[in-house]
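So you can see what is in the structure, the chains are spelled out below.
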Amino acid sequence: MSQRKPIYVTQPDMPPLDQFYPYLEQIWENRMLTNGGPFHQQLEEELCRYLGVEHICLFANGTLALLTALQALRVTGEVITTPYSFVATSHSLLWNGIKPVFVDVDPDTLNLDPARIEAAITPQTTAIMPVHCYGKPCDTRAIAAIADNYNLKVIYDAAHAFGVRHEGASVLNSGDLSVLSFHATKVFNTFEGGAIVCGDARTKQRIDRLKNFGIVDETTVVAPGINGKMSEINAAFGLLQLKGVDAAIAARARLARTYTEALADVPGIRCVRPWQEGASDPLLRESNYSYFPILVGPDYPLGRDALFARLKEHDIVARRYFYPLISSFPMYRDLPSASPDRLPVAARAAEQVLCLPIYPALDDSDQHRIIDLVEGSA
Ligand SMILES: *Cc1c(COP(=O)(O)O)cnc(C)c1O
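Quick notes on the rules
Residues numbered from 1 in each chain as written. Predicted model: local features only at pLDDT ≥ 70, side-chain atom pairs only at ≥ 80, totals over all residues. Heavy atoms only, no water. Near = heavy atom within 4 Å. Polar contact = N/O pair within 3.5 Å; in protein donor to acceptor, adjacent residues only side chain to side chain. Areas by Shrake-Rupley, 256 points an atom, 1.4 Å probe, with all protein chains shown as cover. 1 Å grid on protein atoms, 1.4 Å probe; cavity = no way out; pocket = protein on both sides within 12 Å on 5 of 7 lines; lining within 4 Å. Sits in = over half its atoms within 2 Å of the grid points. Helix = DSSP H or I, 4+ residues; strand = E, 2+ residues; numbered from the N terminus. Domains from an automatic or database assignment. Contact = heavy atoms within 4.5 Å. Buried area = accessible area lost by both parts, 1.4 Å probe. Salt bridge = Lys/Arg side-chain N within 4 Å of Asp/Glu carboxyl O. Nonpolar A, V, L, I, M, F, W, Y, C, P; charged D, E, K, R; others polar. Pairing = 2+ DSSP bridges. Axes fitted to C-alpha atoms, helices over the stretch in contact; angles between N-to-C directions.

Before going further, it helps to spend a moment on the site of the ligand. Around the ligand, the structure places 14 residues, and the nearest of them are G62, T63, D157, S181 and K186. For the ligand, a nitrogen atom lies 2.7 Å from a polar atom in the side chain of D157. One of the side-chain nitrogen or oxygen atoms of K186 is found 3.2 Å away from an oxygen atom of the ligand. Starting from 380 Å² of accessible surface for the ligand in isolation, the protein chains cover 93%. Under a 2 Å grid-point criterion requiring more than half of the atoms, the pocket assigned to the ligand is the largest pocket. Listed by contribution, the elements that provide at least two residues to the shell around the ligand are α3 (62-72) and α4 (88-95).

Below, the structure written as C-alpha cells:
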C-alpha cells in the first residue's frame, strides 16, 4: 500500500505563517485580546463589504450563533427544519427548549421542500429553520411567502453558504437572520468561528448584547445572555484569510468542473451540483464549491458504502454528509416527524450520498486518482 498521506474531504486553506506575525504583534501591542477589539471590528466591516450584507455579528462558533439567533427572535414552541444537515441545526433548537419538526427535502436540491412545509405548521409553529445545503440556495421566495402567510420567523442555517449569491444579491440577506460557520472545515475559516447576518441596527445591538452575557454597561444586564464572543486571534486570522478567499473559491470551482465533466457519464453516479446549470463564472458565485456531493444510485456496480471503503483503502477519506439523518439520532427519532417513511427523499439521499475531496490544495493527479477510482478504472 502507498505511503502517501491520506487525502481528506477537505483541508483548510492556510496563508503563509509569516503573513500572520504582523497581526500577532499588533495584538500584543494592543493588549486587547477579545470583547470586540479592533480586529473584531475590522473583520465585521470587511465581511459586510465582501458579502454584501448590512450587519454582521461575529461569534466564537456557528453553533453559538444558531443558539443566539433563536434567542434574539424569541423563537419558542415548534420550528420546521430539515433532517438532512449537520446535527448542530437541530441541536440548537433542543438547547432552546424548542421542538424540531422535520420536513422532507427536495430531490434535486436536497434543501427543505417548500411544498411540504405548510402541512407541518401547527398553532405552536413560530419559525422555519432551513439550510442552504452544500451552499445551494434554498427556494427563498417560496419560504418567504409561507412565512408571511403564517407570520413565522425564518432563520437560515447558512453555514455552507459563505459568499453565495442568489438572484443578484447575497443569499445571506434572505429570511430574518442567517447564520454562518467559520469552522476549520468551511470555505472561509477562523479556526473556530461563526456569525449572524441581520438587516437592521436594532437587531444587531440585541444580538451583540446576547453574545456578551446580556450586558449593556457596567451596571446593566438586560437578558440572560451567553458568552459567544470571537477573540482577536480568530478575527485577525479571518482578516488574513479573507484576502485569499476569492482565489480559494476559484480553485474549488475548477476542481468542481473537472469532477462534473469526468463523472457525467459514469452509470449510477449523479453529481448533485450545488450551483446553477450553465453558471461558469466562479466569481458570479452561485456557489462557493465547498462540497462535491455525488449520489451513488442502484445502477452503480458498488453500493455507496463499498465505494466509500474502496476509496479509504486507497487513503482517500470521503465523507457521507449527511448520513445518518439528524432525525435518526436517539434524541430525535421518537418525534412523530422523524419517522423515516415521512422523510423518504432525505432518507434515500442519506443512503446514497458521498462527498468527494475538494479544497484548493488538492492537486490534479490526486483528483484524477479519485476520479479513476469512482469510474472503476483504477
Ligand atoms: C458546520 C455547521 C454548523 C456548526 O458550525 P460550528 O461553527 O462548527 O459550530 C451548523 N450547521 C451546519 C449545516 C454546518 O455545516
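Our next topic: the domain arrangement of the protein chain. Domain annotation for the protein chain reports domain 1 (17-104 + 111-239) and domain 2 (245-376). Relative to domain 2, the C-alpha centre of domain 1 lies at a distance of 25 Å. Opposite the 31 residues of domain 1 that make contact, domain 2 presents 36 residues. When domain 1 packs against domain 2, close to 2,800 Å² is buried across both sides, 65% of that on carbon and sulfur atoms. The largest share of the area that domain 1 buries against domain 2 comes from Y84, Y134 and V187, three residues that together contribute 28% of it. There are 0 salt bridges connecting domain 1 and domain 2. Our count for the contact surface shared by domain 1 and domain 2 stands at 10 residue pairs in polar contact (both at pLDDT 80 or more). Among the secondary structure elements, those contributing two or more residues to the side of domain 1 that touches domain 2 are α4 and β4 (99-102). Its residues placed into classes, the side of domain 1 that touches domain 2 shows 18 nonpolar, 8 polar and 5 charged.

Strand order in this open sheet of 7 strands is β2-β10-β9-β6-β5-β3-β4, and the pairing throughout is mixed. Edge positions in the open sheet fall to β2 (55-59) and β4, since each of these has one partner strand only. Neighbour-to-neighbour, the strand axes of the sheet open up by a mean angle of 25°, direction not taken into account. As paired strands, strand β5 (residues 125-129) and strand β6 (residues 153-157) are joined by 2 bridges and run parallel to one another. Within β6, the position partnered with A127 by the bridge is K153. Of the strands in this sheet, β5 and β6 are in contact with helix α5 (residues 140-150), which crosses β6 at around 150°. Each of β2, β9 (177-181) and β10 (194-198) touches helix α6 (residues 201-210); the most contacted strand, β2, lies at about 10° to it.

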